[in-house]
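# Summary of structural features
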Amino acid sequence: MLTLHGFPMSPNTRRVLFMLAECDAPHQLVTVDLMAAEHRADAYLALNASGRVPTLVDGELVLWESNAILGYLAEKFADKRLGGESAGERAEIARWMFMNAAHLSPSLARVFAHTIRLPEDQRLPRIVEEARADIERSLRALDRRLEGREHLGERFSIAEVSIAPSLGIAPMLGVDLTPHPSVAAWIERITARPAWKKVYG
Ligand SMILES: N[C@@H](CCC(=O)N[C@@H](CS)C(=O)NCC(=O)O)C(=O)O
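Each chain carries its own residue numbering, running from 1 in the written order of its sequence. Under the rules for a predicted model, residues below a pLDDT of 70 receive no local features and side-chain atom pairs below 80 are neither given nor counted, while totals for whole chains, interfaces and linings still include all residues. Side-chain measures here rest on the full set of heavy atoms in the structure, leaving out hydrogens and waters.

### Concerning the side chain of E160
Applied cut-off: Numbering goes from the N terminus for both helices and strands, where a helix is a DSSP run of H or I of at least four residues and a strand is a run of E of at least two. Accessibility here uses a 1.4 Å probe with only protein chains present; expressed as a share of the type maximum, an area under 20% marks a residue as buried, one over 50% as exposed, and anything in between as partly exposed. For the purpose of charge, His is not counted, nor are the chain termini; Lys and Arg are scored as positive and Asp and Glu as negative. Take a side-chain nitrogen of Lys or Arg and a carboxyl oxygen of Asp or Glu: if they are within 4 Å of each other, that pair is a salt bridge. Only heavy atoms enter the contact rule, under which two residues are in contact if any of them lie within 4.5 Å.
By the element assignment, E160 lies in helix α6 (residues 158-167). The buried charged residue E160 lacks any salt bridge, with R189 as its nearest oppositely charged partner at 7.1 Å. Among all residues touching E160, those that are not within four sequence positions of it are F18, H151, L152, R155, P165, W186 and I190.

Structure representation (structure tokens):
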């Protein structure tokens, strides 16, 4: 049985829950309560010294970093064909996953931190401004790629599983997808999937 240690409200945890649902993978979720700082407790740090969620445990394997977990699950449940089947397709998928991990997701997290999470006296408008500009760069690139296509790769893949949960918090942050109609339509298709509904209700 797969065990996912994570916080149900965290987009990084939800990314893996979405993947587990796409794979119909039996699993259990062990809640690591970020509000109670359980991610900084010795018990969790023994599992994941980076002190972030999520972490997947599969027998002897203890794996953290949500995108690495998606890659692992794509191989484990290869019949779902979510990881790409040719070198070119895998590279295309990797491109968007790296872009999300390096740029889009951290910029969304910065806007969240400096508009909602941090106490008001610690919020820095300059960081929000820079992060919003960076989000626009990623959205422009995504929109260009998605023009006239249904998916980032040849079919629904872990690129979609990776990015959609990041953009899930966009409305809350006032990030408007209207100027990026191909992204908006793509997100609608992803959020209509049964696996998404299972995780997001
Ligand atoms: N790159 C990591 C990011 C994980 C991450 O930052 N998770 C957040 C929750 S969404 C977290 O654990 N925050 C607590 C902290 O950083 O102290 C991944 O994709 O798994």
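### Focus: the sheet that holds strand β2 (residues 27-31)
Quick reminder of the rule: Whether two strands pair comes down to DSSP finding at least two bridges between them. What counts as an axis is a line fitted to C-alpha atoms, over the stretch in contact for a helix, and the angles between N-to-C directions run from 0 to 180 degrees.
The strand order across the open sheet formed by four strands is β2-β1-β3-β4, and the pairing between neighbours is mixed. Of all strands in the sheet, those bounded by a partner on one side alone are β2 and β4 (61-64). Within the sheet, the average angular offset between the axes of one strand and its neighbour, ignoring direction, is 20 degrees. Alignment of strand β1 (residues 2-6) against strand β3 (residues 55-58), held across three bridges, turns out to be antiparallel. Across the sheet, residue L4 finds its bridge partner in β3, namely L56. The sheet strands contacting helix α1 (residues 11-22) are β1 and β2, and the helix crosses β1 at an angle near 155 degrees. Against the sheet, helix α3 (residues 66-76) touches β1, β3 and β4, its axis set at about 130 degrees to β4.

### Looking at helix α5 (residues 125-146)
Put simply, the rule reads: Every helix has an expected span of 1.5 Å times one less than the residues it contains.
Counted at 1.5 Å a residue, the expected span for α5 with its 22 residues is 32 Å, and the 31 Å between its end C-alpha atoms agrees. Among the residues of α5, those classed as buried are V128, A131, D134, I135, S138, L139, L142, D143 and L146. Contact partners of the buried residues in α5: α4 (87-117), α6 and α7 (181-191). Positive backbone phi, at 75 degrees, marks G148, one or two positions downstream of α5.

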